[in-house]
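What follows is each chain in one-letter form.
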Amino acid sequence: MAPLSAISKMDDPRMIDQSQFITQEQWEQIIIAKTRFLENEDEDPLKNKYVNKDIAESWIRSRKMGVNPYIKTSQRQLNALEYSKVIDKNQLLVEITEPLMKRFKDMAVLNSGYILYLCDYNGVFLLQEGDMIRRVTEGLIWNESTIGTCAHCLCLQLKKPVQILGPEHYCIELHDIVGTAAPIHDESGEIIATLILGQRIIERPWLESFQNIRSHTMGLITALAAAVDSQLKLSSINLKLKESYDQLRKVNQKVTTAHDTLEATLTFIDEGILTIDCNGVIIHSNKEANRILKMKQGEIGLRHISEFLSDDSRIMSLVKKGKYIELEETLIVGNDEQPYMIMIRPVLDKETHEADGAVLRLNHAEKVNALIARRSGGIARYHFEDILGENKEFKRIIELAQRFALSPENVLLIGESGTGKELFAQSIHNTYRPKGPFMAVNCAAMPRELIESELFGYEGGSFTGAERAGRPGKIELANEGTLFLDEIGDMPLELQAVLLRTLEDKQVMRIGGRSYKKVDFRLIVATNKNIYQMVKENQFREDLYFRLSVLTINIPPLRERSKTDIEILSNYFVRSYCEKQAITLTQISPEAQKIINEYHWPGNVRQLQNAMIYAVNTAQDNTIWPDDLPSYILLDTSPLKFEHIINNGGNIAEVLRIENLEKTAIKTAMQHTSNDILVAAEILGLSRSTLYRKIKEYNLEL
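To start, this report covers the structure provided alongside it.

Parameters and conventions
- Residues numbered from 1 in each chain as written.
- Predicted model: local features only at pLDDT ≥ 70, side-chain atom pairs only at ≥ 80, totals over all residues.
- Heavy atoms only, no water.
- Phe/Tyr/Trp six-rings, centres within 6.5 Å; stacked < 30°, edge-to-face > 60°.
- Helix = DSSP H or I, 4+ residues; strand = E, 2+ residues; numbered from the N terminus.
- Buried < 20%, exposed > 50% of the residue type's maximum accessible area, 1.4 Å probe, protein only.
- Lys NZ or Arg CZ within 6 Å of the ring centre and 35° of its normal.
- Salt bridge = Lys/Arg side-chain N within 4 Å of Asp/Glu carboxyl O.
- Patch = residues over 30% accessible without salt bridge, like charges linked within 9 Å, V, L, I, M, F, W, Y side chains within 5 Å.
- Areas by Shrake-Rupley, 256 points an atom, 1.4 Å probe, with all protein chains shown as cover.
- Contact = heavy atoms within 4.5 Å.
- Axes fitted to C-alpha atoms, helices over the stretch in contact; angles between N-to-C directions.
- Parallel < 35°, antiparallel > 145°, perpendicular 65-115°, else oblique.
- Nonpolar A, V, L, I, M, F, W, Y, C, P; charged D, E, K, R; others polar.
- Disulfide = S-S within 2.5 Å.
- Pairing = 2+ DSSP bridges.

## Quick notes on the packing of aromatic side chains
For any pair of aromatic rings, geometry is given as the distance between the ring centres together with the angle between the planes.
Move 1: With the rule as written, the count across this model stands at 10 aromatic pairs.
Move 2: Consider the rings of Tyr 532 and Tyr 545, whose centres lie 5.9 Å apart with planes at 45°: the pair is tilted. Within this pair, whereas Tyr 532 is found in helix H16 (residues 531-536), its partner Tyr 545 is found in helix H17 (residues 542-548), the two being separated by 13 residues in sequence.
Move 3: For Tyr 532, a relative accessible area of 41% translates into the label partly exposed.
Move 4: Among the aromatic residues, those joined into a ring-pair cluster are Tyr 117, Phe 125 and Trp 142.
Move 5: Cation over ring: Arg 522 sits above Tyr 432, and NZ or CZ is 4.8 Å from the ring centre.
Move 6: When the ring centre of Phe 394 is taken as reference, the NZ or CZ atom of Arg 561 above it lies at 3.5 Å.

## Focus: the pattern of salt bridges
Move 1: Inspection of the entire model under this criterion finds 21 salt bridges.
Move 2: Its salt-bridge partner being Glu 307, residue Arg 303 comes within 2.8 Å of it at the nearest N-O pair.
Move 3: Given a relative accessible area of 40%, Glu 307 falls into the partly exposed group.
Move 4: Where salt bridges share partners, they join Glu 299, Arg 303 and Glu 307 into one cluster.

## Focus on a nonpolar patch on the surface
Move 1: A surface patch of nonpolar side chains, amounting to about 250 Å² of accessible area, comprises Leu 678, Val 679 and Ile 683.
Move 2: If you trace the backbone, Leu 678 turns up in helix H25 (residues 677-684).

## What about the environment of Lys 321?
Move 1: Note that Lys 321 resides in the loop between helix H9 (315-320) and strand S8 (325-333).
Move 2: Along the primary structure Lys 321 and Cys 278 are separated by 43 residues, whereas in three dimensions their C-alpha atoms are 9.9 Å apart.

## A word on the environment of Pro 492
Move 1: Along the polypeptide, Pro 492 turns up in the loop between strand S15 (481-486) and helix H15 (493-505).
Move 2: Exposure remark for Pro 492: the relative accessible area of 2% places this residue in the buried category.
Move 3: Note: C-alpha distance between Pro 492 and Glu 452 (40 residues apart in sequence) is 9.4 Å.
Move 4: Discounting residues that sit within four places of it in the chain, Pro 492 has contacts with Arg 448 and Ile 451.

## Details of the packing of helix H13 (residues 448-456) against H15
Move 1: As a packed pair, H13 and H15 sit with axes 11 Å apart at the nearest point and diverge in direction by 10°. When the axes of H13 and H15 are compared, the pair comes out roughly parallel. In contact with Arg 448, Ile 451, Glu 452 and Phe 456 of H13, H15 contributes Glu 494, Leu 495, Val 498, Leu 499 and Thr 502.
Move 2: A class-by-class count of the residues in the contact of H13 with H15 yields five nonpolar, one polar and three charged.

## Some points on the state of the cysteines
Move 1: Following the criterion strictly, the structure yields zero disulfides and no others.
Move 2: Residue Cys 153 stays outside any disulfide, its sulfur separated by 3.8 Å from that of Cys 150, the closest cysteine.
Move 3: Of all cysteine sulfurs in the structure, the one in Cys 150 sits closest to Cys 171, which takes part in no disulfide; the separation is 8.6 Å.

## Looking at the sheet that holds strand S3 (residues 162-165)
Move 1: Sheet architecture is open: five strands sit in the order S2-S1-S5-S4-S3, paired in antiparallel fashion. Lying at the two open borders of the sheet, with one neighbouring strand each, are strand S2 (125-130) and S3. Taking the axes of each pair of neighbouring strands and ignoring which way they run, one obtains an average angle of 20° across the sheet.
Move 2: Of the strands in this sheet, strand S1 (114-120), S3, strand S4 (177-185) and strand S5 (191-200) touch helix H5 (residues 151-158), which is tilted by about 40° from S4.

## Observations concerning the sheet that holds strand S18 (residues 521-527)
Move 1: Ordered in space as S12-S15-S18-S11-S19, the five strands form an open sheet in which the pairing is parallel. Edge strands, defined here as strands with exactly one partner in the open sheet, are strand S12 (438-442) and strand S19 (551-554). Direction aside, the axes of adjacent strands within the sheet are offset by 15° on average.
Move 2: Summarising the sheet, strand S11 (residues 411-414) and S19 pair through four bridges and their orientation is parallel. Across the sheet, Leu 413 pairs through a bridge with Ile 553, a residue of S19.
Move 3: Lying over the sheet, helix H11 (residues 392-405) contacts S18 and S19, oriented at roughly 155° with respect to S19.

## So, the pairing of S4
Move 1: A large share of S4 lies buried, amounting to eight of its nine residues.
Move 2: Bridge count between S3 and S4: four bridges; the pairing is antiparallel. Bridge pairing in S4 links Gln 163 to Thr 180.
Move 3: As defined by bridge partners, S4 adjoins S5 across nine bridges and the pair is classed as antiparallel. Looking at S5, one finds that His 185 is bridged to Ile 191.
Move 4: The hairpin turn running from S4 into S5, its antiparallel successor, is five residues long, and Gly 189 in that turn takes a positive phi close to 90°.

## Here's the deal with unusual backbone geometry
Move 1: Despite not being glycine, Lys 506 has its phi angle at roughly 55°, a positive value.
Move 2: Checked against the element boundaries, Lys 506 lands in the loop between H15 and strand S16 (507-508).
Move 3: Using a relative accessible area of 29% as the deciding quantity, one classes Lys 506 as partly exposed.
Move 4: Non-glycine residue Asn 622 carries a positive phi angle of around 60°.
Move 5: Along the chain, Asn 622 turns up in the loop between helix H20 (604-618) and strand S21 (623-624).

## Notes on the packing of H25 against helix H26 (residues 688-697)
Move 1: Running from N to C, H25 and H26 point in directions that differ by 95°, and their axes come no closer than 9 Å. With respect to their mutual orientation, H25 and H26 come out roughly perpendicular. Contacts between H25 and H26 involve Ile 677, Leu 678, Ala 680, Ala 681 and Leu 684 from the first element and Arg 688, Leu 691, Tyr 692 and Ile 695 from the second.
Move 2: When its residues are assigned to classes, the contact of H25 with H26 shows eight nonpolar, no polar and one charged.

Below, the structure is given as structure tokens:
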């Protein structure tokens, strides 16, 4: 990320030059640093290399002033009389700035998610323009003492234009906003106000297109502030008419340049942007919108949006109602019909509050679904070469899975928890459809009533709490990829019939939907239960079972593989963990390896991995000895384990204390269940509240 990227002088090593792109790592580290600062009073952001020094100091001042980071930024600080006095004091500034701001609005440069504010020195809102106009501005004060770190306060402090991104703001409410501020000076050069341009972060901030928008935004706001400066100077020194005309011409030239810059910026946006009037006439469009609608630039003002909509479209009725909403609609261009996600941003008359038109953002539905799939973790990272083992039978199973991967048929993976079923599923996906999404759903990890919406999605307003624009389900998101259903044995019977129908027709309908959508996906399911026995007991549909088990792979538990495999895996986990943590490579002593090889590993490969991580963190001399292994391994039923503890100076009485045994049991249960409190409590025979209490009582780190 480029913290405070518009400040050019890099007097702090953490300052990043404006020309340098934001990286995903920098963005994520800023978010982490902000979260830590808000959650931990002892956290010092000045020590974080990713946080700009001026931002960090402002965070600290904001906290000391008692600013609540979760406050609503629309809360008034001035009453009507106080606000009226501020307006009177800044009358000349308002009169000069207002026509320039309206000029930008008339040129439609603020119609795509922008808002332009004029604030006096103290941060009192004087003017605003744009399509993100706040309903309440009279009496608002945005400065460091009211909302904490913001573009206004840093602009005053540094006496130059600044631009801060999302989480650099102190208030959580501004975390999706880019704030750009430029100072306005009086005739003596003193700062008397700021111009602030706010815009939403509508895409990943490390993309080049977003970098370009930020750069042009800085040019836009700086040019406008310079124009206001010039007008103030002209008014204060009463220049001759010709001089005033020349200066105004320069201002207009800057405004035109800023407009042209923004128009050029819009060509880099890979979303269609349309501006329509209240009757639906298209009055502005960017290059991508012209491509989507196959429209020529000369047709702007002559074409109507209804030409591209179906008869039952709701777009125009929502525009006339001034609705701010996102919905899925079908765009018709010639004989081609394609689904698009359309965001409506109304443009309202400031006096009547009636709709003057709207800005429409067009995104192809498949593109949006693909983006959601990536953000939902729909990526398979493992390949068959990542599955380790020399056991002859296990290698045969890997070879069988590799052959199955080349077939489009459904695959059923059977194996105990922790045997690596998802590794096999991801490896099959990366062999068959590596470029498509990999969508995983654990049928046992969510309430029964949520599984249906998770799998099939829903339309907006289908039920209480549903998102207004609806949401695609995992089946829809898995289009052209793989759907992995883990713990399929826990799928409710009533949903099994719906899943069977989807597999047969390759179509899916969202909850509350009116039409089916074609889907093309490869299905892989996994279970640790005896599905065939469940079929006999009428707990699982027989027809679905035969549909799922076209290709079946039985993955053996770790105890049924060779000791060689256990040794290979244990050394691999130690080596990879040491490399990941950048610590000196730890070796496993022969004595410890013998115990590891002999243990029965009920939690399979996952348990072995967790045990090796524990051992590495316990080892003192870069060597894992038996005493470094988790207690539950040493306390296995073999008498040799107890003898080993005693012979190596271990305190058997300490190990066998009820408190320590209970700690070990809780840790083991949590490791087996990947920290699933509900399942771990069932294993331990405790209630969830009791388990939570004991974890807190023993101060256990999970």
